[in-house]
Amino acid sequence: MSLVDTAKSDNDRSPTRKDSSGDLPPGLSTLSVHAGESRHKPGDSITDPIFCASTYTFADTQSIIDYIEQDQTREEYGRYGNPGERVVERKLAALEGGEEALLFSSGMAAFVGLLMTKLNTGDEVIFFDECYHRSREFCKKHMSRFGVVTRQVPTGDYAAMEAAITPQTKLLISESPTNPQLSCIDLERFADLGRRHGVETLIDATLATPYNLRPIAAGVDYVLHSATKYLGGHNDLLAGVVIGSKENMDPVRNLRGIMGAVNGPQNVYLLLRGLKTFELRMQRHNENGQRVAEFLENHPRVERVYYPGLPSHPYHEIAKQTMRGYGGLVTFLVKDADWKATAKVVDSVRIPRIAPSLGGVESLIEQPLVMSYYECTAEERQQYGIPDNMIRLACGIENAEDLIADLSQALDNKDD
Ligand SMILES: *Cc1c(COP(=O)(O)O)cnc(C)c1O
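First, a word on scope: everything that follows refers to the structure included in this document. (Residues numbered from 1 in each chain as written. Predicted model: local features only at pLDDT ≥ 70, side-chain atom pairs only at ≥ 80, totals over all residues. Heavy atoms only, no water.)

**Points about the packing of aromatic side chains**
Scanning the entire structure with this criterion turns up eight aromatic pairs. Consider the rings of Phe 58 and Tyr 67, whose centres lie 5.5 Å apart with planes at 55 degrees: the pair is tilted. Since its relative accessible area comes to 24%, Phe 58 is described here as partly exposed. Residue Tyr 67 is classed as buried on the basis of its relative accessible area, which comes to 15%. Ring pairing ties together the aromatic residues Phe 111, Phe 127 and Phe 138, which thus form one cluster. The ring of Tyr 67 is capped by Arg 74, whose NZ or CZ atom sits 5.7 Å from the centre of that ring. (Phe/Tyr/Trp six-rings, centres within 6.5 Å; stacked < 30°, edge-to-face > 60°. Buried < 20%, exposed > 50% of the residue type's maximum accessible area, 1.4 Å probe, protein only. Lys NZ or Arg CZ within 6 Å of the ring centre and 35° of its normal.)

Now the structure itself:
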C-alpha cells in the first residue's frame, strides 16, 4: 500500500512513496495524517489549500476537448467535486482499506445517493431492524414511492434474513454496532449470505469507524459512515461517505454529480483537519466508553447497560471477534424510573451536553424517548426497543474520571 495516493491529479506531481518490500503497511495514524495528500502542495504549504471555487477554468477550447476525449482527471465544475474533496476521499479509502471513497454532504445524503443509484422499481431491500430511524424512514416512506419494497427482519437473525431473500432482493443492509442497542453483526456471515444469493451488502459502520471495524476485509460490498460523527470528530460539520470497489462506486459518483449532495471546500477542509487526530481520538473514545460502561454496570440505580465491551452484552463474543474497541456510545436503563425520573438524570449531568449526535470531542447525552422517538407511539417504541427509562451517552474525549464523577452525582441526585 502506498502512503500517498498515485492519483494523477493536477497538483499531485510529486514522486509517490513506494512500499519498500517487507515493510508493514502504514498504521492508521500515519494514514490519517498523510494518506491521499500530495507530498508537495501549492505554495509549499504543509496543509492542503481551501480552493474556494465553484468552477474551474480551461486554457482554451482544445483543453476542453482533451479533457473529455482523454478522460483526464481534473476539476470541471464544483458539483462534480473539488480538489479538497478528492484528498479526503483518498484518505478515507486508505483508512477503510477500500478502493474508492465517495463523499456526500451528510450521512443521509450518502445513504440516499447509494440507494437511488442501485435500486429500481420492483427491487427489494432487507434491513436488520435496529437501525438509524431516518434510513428506515427513507426506505419505507420514499423508496416505496418508486416501487422499491423494504423488508425488515430482527437484528442478528441471519436465517430470517436469508428466508426474506427473493429474486428481487438487491441489497442487504445493517448497522454494526446498531444504535442505540449496540448489537454487533457477524460481518463474515452477513457478507457470505449476500454472496451466496448474489445480493450486495451494505454496513453502516458509523458507530464503529475503521479504527474498530473492518467490513471490507470481511467481504462486505459497501461501507457507509456518517462522517459527521467520529470521522469529523468535533461536532462542527456534516458529511457522509460510502466506500466500495471502483466499479461499484463509479455510477454512485455519477449520480452524486446530478443530485448535487456535495461538500463545499471549507467543509471538506474541516473534515481533513478533524481526520488528522482520528486514531488518537478513537483510542480515547474507546477507553471512555469502556470505563463509563463498567462504572454504570456496577451502579445500584442502573438496571441495564448496553455496551459491546461488557461480557454481559448479548453480542460481546461477536464484538470481541470482530472489533478492536467498542466506541464511545453507552446506552443504559435507569432502574425503577419512569420517563420523568430518567429525564432528571439527563438534566443533572454537568459535563455532557444534551443533544443528538455522537462521535465528537464533547460528550453528548439524550433520552431516546424524547430526542428521536417522541412522535412514535408506545407500540412503535416497544417494537424498536426504546424503553422510557433509556439514556444514550456518547462519551467524548474528556477524562474518564470526570465523566464518571459527573454521572455518579447525576444518578445520586434523586429528589430535590
Ligand atoms: C448520524 C447517523 C446517520 C446519518 O448521518 P448524517 O450525517 O446525520 O446525515 C446514519 N447512520 C448512523 C448510524 C448515524 O449515527
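Now that the structure is up, let's keep going.
**Considerations on the nonpolar core**
Counting residues in hydrophobic clusters, the biggest one holds 50 residues, and the most contacted among them are Phe 190, Val 292, Leu 296 and Val 305. Top element by residues in this core is helix α16 (residues 400-412). It accounts for five residues. Composition of this core by domain shows at least three residues from each of domain 1 (98-267) and domain 2 (279-412). Beyond its immediate chain neighbours, meaning those up to four positions away, Leu 296 contacts Val 302, Val 305, Val 330, Phe 332, Leu 407 and Leu 411. (Core = buried A, V, L, I, M, F, W, Y, C linked by side-chain atoms within 4.5 Å. Helix = DSSP H or I, 4+ residues; strand = E, 2+ residues; numbered from the N terminus. Domains from an automatic or database assignment. Contact = heavy atoms within 4.5 Å.)

**Here's the deal with the site of the ligand**
Around the ligand, the structure places Ser 106, Gly 107, Met 108, Tyr 132, Glu 175, Asp 204, Thr 206, Leu 207, Ser 226, Thr 228, Lys 229 and Ala 239. Interatomic distance of 3.5 Å between a side-chain N/O atom of Ser 106 and an oxygen atom of the ligand. At 2.6 Å, a side-chain N or O of Asp 204 approaches a nitrogen atom of the ligand. Alone, the ligand offers 380 Å² of accessible surface; in the complex the protein occludes 93% of this. Across the shell around the ligand, the residue classes break down as four nonpolar, five polar and three charged. (Near = heavy atom within 4 Å. Polar contact = N/O pair within 3.5 Å; in protein donor to acceptor, adjacent residues only side chain to side chain. Areas by Shrake-Rupley, 256 points an atom, 1.4 Å probe, with all protein chains shown as cover. Nonpolar A, V, L, I, M, F, W, Y, C, P; charged D, E, K, R; others polar.)

**Here we look at the pairing of strand β4 (residues 169-175)**
Of all seven residues in β4, six are buried; the element is thus mostly enclosed. The sheet contact formed by strand β2 (residues 124-128) and β4 spans four bridges and is parallel. When the bridges of β4 are listed, Val 125 appears paired with Leu 171. Sheet topology note: the β4/strand β5 (residues 200-204) ladder contains five bridges and is parallel. When the sheet's bridge partners are listed, Ser 174 is paired in β5 with Ile 203. Viewed along the sheet, the connection from β4 through helix α7 (residues 187-197) into β5 turns out right-handed. (Pairing = 2+ DSSP bridges. Right-handed = clockwise from strand over helix to strand, strands pointing away.)

**Concerning the pairing of β2**
Of all the five residues making up β2, five are buried; the element is thus mostly covered by neighbouring parts of the structure. Of the two faces of β2, both are covered, the one formed by Glu 124, Ile 126 and Phe 128 as well as the one formed by Val 125 and Phe 127. Note that β2 and strand β3 (residues 149-153) share five bridges and pair parallel. Bridge assignment links Ile 126 to a residue of β3, and that residue is Arg 151. Since β2 and β3 lie parallel, the crossover through helix α5 (residues 133-142) that links them has a hand, and here it is right-handed.

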